[in-house]
Amino acid sequence: MYPRAFHYHRASSLEEAAAMLSQLGDEAKLLAGGQSLIPLMKLRYANPGHLVDLNFVPGTSYIKEENGALHFGALTRHAEIEASPVAARIPIIHDCAAGIADVQVRNRGTIGGSLAEADPSGDWATVLMTLQTEVGCQKTKAHRRVQLVDFIKDAYTTALAHDELVSEVVVKIPPSGSGGAYVAFKRSAPVYPTVSAAVQLSMEGEICKDAAIALGCVGLTAIKAKDAEGALRGQRLTDKTIAAAVEAARAAADPQSDMRGSADYKRTLAGSLVKRALDIAILRARGEQIEAGHIYA
Amino acid sequence: MPDVFGKLAVNLKVNGKPHSLTVEPRMLLVELIRETLDLTGTHVGCDTTYCGACTVLMNGAAVKSCTIFAVQADGAEITTVEGLEKDGQLHPIQKAFGDAYGLQCGYCTPGLMLSTAQLLAQNKQPSEKEMRKAIAGNTCRCTGYQNILKAIQMAAQSMKGA
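Residue numbers here run from 1 along each chain, matching the order of that chain's written sequence. Whichever chain is written first is A, and whichever ligand is written first is 1; the rest continue in order. Where totals are concerned, whole chains, interfaces and linings use all residues; where local detail is concerned, this predicted model gives features only for residues with pLDDT of at least 70, and gives and counts side-chain atom pairs only at 80 or more.

Student: Help me understand the overall build of chain B in this model?
Tutor: Along the backbone of chain B there are five helices and five strands. Its helices and strands in sequence order give chain B the pattern β-β-α-β-β-β-α-α-α-α, from N to C terminus. Note on method: radius of gyration uses C-alpha positions; expected globular size equals 2.2 Å times residues raised to 0.38. Here the C-alpha radius of gyration of chain B, 16 Å, is about what a compact globule of 162 residues would show, namely 15 Å. With respect to the principal axes defined by its C-alpha atoms, chain B has extents near 50 × 30 × 25 Å. Sorting the 162 residues of chain B into buried and exposed places 48% on the buried side. By the criteria applied, helices consist of DSSP H or I runs no shorter than four residues and strands consist of E runs no shorter than two, each listed in order from the N terminus. Whether a residue is buried, exposed or partly exposed follows from its count of other C-beta atoms within 10 Å of its own C-beta, namely 20 or more, 12 or fewer, or something in between, respectively; the C-beta atoms are built from the backbone.

Student: So what exactly am I meant to see when it comes to the overall build of chain A here?
Tutor: Helix and strand counts for chain A stand at eleven helices and 15 strands. Computed over C-alpha atoms, the radius of gyration of chain A comes to 19 Å, within 12% of the 19 Å expected from 2.2 N^0.38 for 297 residues, which places it in the range of a compact globule. Across the 297 residues of chain A, 58% fall into the buried class. Considering only intrachain contacts with a sequence separation of at least 6, the fraction spanning at least 24 residues in chain A is 64%. Two residues qualify as being in contact provided that their C-beta atoms, derived from the backbone, are within 7 Å of each other.

Student: Where do I start with the sheet that holds strand 3 (residues 55-58) of chain B in this structure?
Tutor: Hydrogen bonds between backbone atoms are what pair the strands of a sheet, whose relative direction is either parallel or antiparallel. Residue and element names in this part refer to chain B. Across the sheet, five strands lie side by side as 2-1-5-3-4; this open sheet has mixed pairing. Two strands lie at the open edges of the sheet, namely strand 2 (17-23) and strand 4 (61-64), each paired on one side alone. Ignoring strand direction, the axes of neighbouring strands in this sheet form an average angle of 40°. Strand pairing is assigned whenever DSSP identifies at least 2 bridges connecting the two strands. Alignment of strand 3 against strand 5 (residues 77-79), held across two bridges, turns out to be antiparallel. Bridging from a neighbouring strand, Leu57 pairs with Thr79 of strand 5. Axes here refer to lines fitted to C-alpha atoms; in helices the fit is confined to the stretch in contact. Angles between the N-to-C directions go from 0 to 180 degrees. Packed onto the sheet, helix 3 (residues 109-122) meets strand 3, strand 4 and strand 5 and runs at close to 35° relative to strand 3.

Student: In this structure, what is going on with unusual backbone geometry? I would like to understand it.
Tutor: Most peptide bonds take the trans form, and the phi angle of most residues other than glycine is negative. All names here are of chain B. One non-glycine residue with positive phi stands out, namely Asn15, at about 50°. If you trace the backbone, Asn15 turns up in the loop between strand 1 (8-14) and strand 2. For Asn15, a count of 18 C-beta atoms within 10 Å puts it in the partly exposed group. For Tyr101, which is not glycine, the phi torsion reads 55° and is therefore positive. In this structure, Tyr101 sits in the loop between helix 2 (92-99) and helix 3.

Student: Help me understand the interface of chain B and chain A in this model?
Tutor: In many reports, interface size means the accessible area that the parts give up when they come together. Contacts between chain B and chain A engage 27 residues on the former and 26 residues on the latter. The greatest single-element share of the side of chain B that touches chain A, amounting to four residues, is contributed by strand 4 of chain B.

Student: Any chance you could explain the domain arrangement of chain A here in plain terms?
Tutor: Those domain boundaries reflect an automatic or database domain assignment. The assigned domain composition of chain A is domain 1 (7-53), domain 2 (63-172) and domain 3 (178-296). Each of domain 1 of chain A and domain 3 of chain A has a C-alpha centre, and these two points are 35 Å apart.

Student: So what exactly am I meant to see when it comes to the nonpolar core here?
Tutor: Within soluble globular proteins, side chains that are nonpolar generally end up buried alongside one another. All names here are of chain A. Think of a nonpolar core as buried Ala, Val, Leu, Ile, Met, Phe, Trp, Tyr and Cys residues chained together by C-beta atoms that fall within 7 Å. In this structure, Ala17, Leu215, Ala249, Val274 and Ala277 are the most contacted members of the largest nonpolar core, which totals 152 residues. Broken down by element, this core gets its largest block of residues, nine residues, from helix 11 (residues 263-285). Ignoring anything within four residues of it in the chain, the contact list for Ala277 reads Ala181, Tyr182, Val183, Ala197, Ala198 and Val199.

Student: So what exactly am I meant to see when it comes to the domain arrangement of chain B here?
Tutor: Residues and elements named next belong to chain B. Segmentation of chain B into domains returns domain 1 (8-83) and domain 2 (92-159). With 17 residues of domain 1 in contact, the opposing surface of domain 2 contributes 13 residues. Going through the elements one at a time, strand 3 and strand 4 are the ones with two or more residues in the side of domain 1 that touches domain 2. A breakdown of the residues in the side of domain 1 that touches domain 2 according to their chemical character gives nine nonpolar, eight polar and no charged. Three classes are used, and their members are as follows: Ala, Val, Leu, Ile, Met, Phe, Trp, Tyr, Cys and Pro are nonpolar, Asp, Glu, Lys and Arg are charged, and the others, Gly among them, are polar.

Student: How should the pairing of strand 6 (residues 133-138) of chain A be read in this particular structure?
Tutor: All names here are of chain A. Counting buried positions over the six residues of strand 6 gives six, a clear majority of the element. Alternating residues of strand 6 divide into Thr133, Val135 and Cys137 and Glu134, Gly136 and Gln138, and every residue in both groups is buried. Across six bridges, the pairing between strand 6 and strand 10 (residues 165-172) is antiparallel. The residue of strand 10 that forms the bridge with Thr133 is Val171. Counting the residues between successive antiparallel strands, the hairpin from strand 6 to strand 7 (residues 143-147) contains four residues.

Student: Looking at this structure, how should I read helix 10 (residues 239-252) of chain A?
Tutor: Working note: α-helix, 3.6 residues per turn, so residues spaced by three or four point in the same direction. Residue and element names in this part refer to chain A. What a helix is expected to span follows from its residue count: subtract one and scale by 1.5 Å. Its 14 residues give helix 10 an end-to-end C-alpha distance of 20 Å, which sits within 8% of 20 Å, the value for a rise of 1.5 Å per residue. For helix 10, the full list of buried residues reads Ile242, Ala245, Val246, Ala248, Ala249, Arg250 and Ala252. Structurally, helix 10 contributes buried residues whose contacts are with strand 13 (207-216), strand 14 (223-224), helix 9 (226-232) and helix 11.

So, in structure tokens, the structure goes:
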């Protein structure tokens, strides 16, 4: 399958790419990993007149720790994050990177591209919403940082202006005594999850000091399950408090029936995945090395 | 600012051989490999980034060549299934897929062998879980994967000394 013919532009810096967007207008799209955009173009769901290729911009792929935060260059591939001991400082980030699609897609797909696409079924936004995450946004002559919760506006819609692009993703390293986990339920590796759940806890002894819970694929954006978080915050994590959080998470899900399952099924699944992620997060907060992975049907 | 609607220059190496070509921007890497270079061992299955039949190595990394534009491979080194054998001798991965009956119709096999090549380059003794994860992006509709896993294990064994 061939996409519609387009003009190809190779940017040599992010500033130049932003200038190209500004000059080319609405007809232009950015090409990062291309693992969503190219299939959409081949199916002619997306028909950009101009593609601005970011893959030849030097210095856009990095993972570094600075001032208590992890910094990811916009074009850092999922596979690079999966293999990075620095990124593994935040285990939920490793869970996410290692579980996206398959090896081939992880070798190409990028963290910045995933956030900028804002697909409701994407993995990164769900995971990063449970952490303190900021998105670096670059224009030709201006740079700003936007909190992730403000960056994701709606399905496939972000706070980026038409001549602005993601330059970096900055994630604060959680305090010691924290633990998180991300679990997604998929029919097979290459597809999007049916439902996914991310949980990040901060513990003080037996008491849950803070909790963040986000659900993926069950709404127009990743959903922050605030009532579920409230059911855990300041509480001892007993079977009863955990059951209350799971129930609240189920209520927060807003799924649609589709070929992946009915709305009822997805709502039930959301509760089960939150429970699984919570169990792993609790053990990790105690310092245990627990492997978490995606579950296949 | 480069702005070309027509042909773009692409310089790349395929199986060690350098090529200087001009391509239309929308040409996919798999089309360049199959149609321009006549290397038809790389297959097109689903054409929607699912099945992995089009898997090749790009600078050592397994990629789906139906989901990369040819122009993006400018400066890259590509390995296709034709590049696995050396001096008329099958690569240990190719030999293992034959010996272990790791194929039936063979359509998915080139892609599976290149995913195996990336795995064994990074991990000389993969566990079964690691093998399964490495080929999760390659769909086989004949074998049920058991003999493919045996083939990967056999290839790992015979490549250990290498």
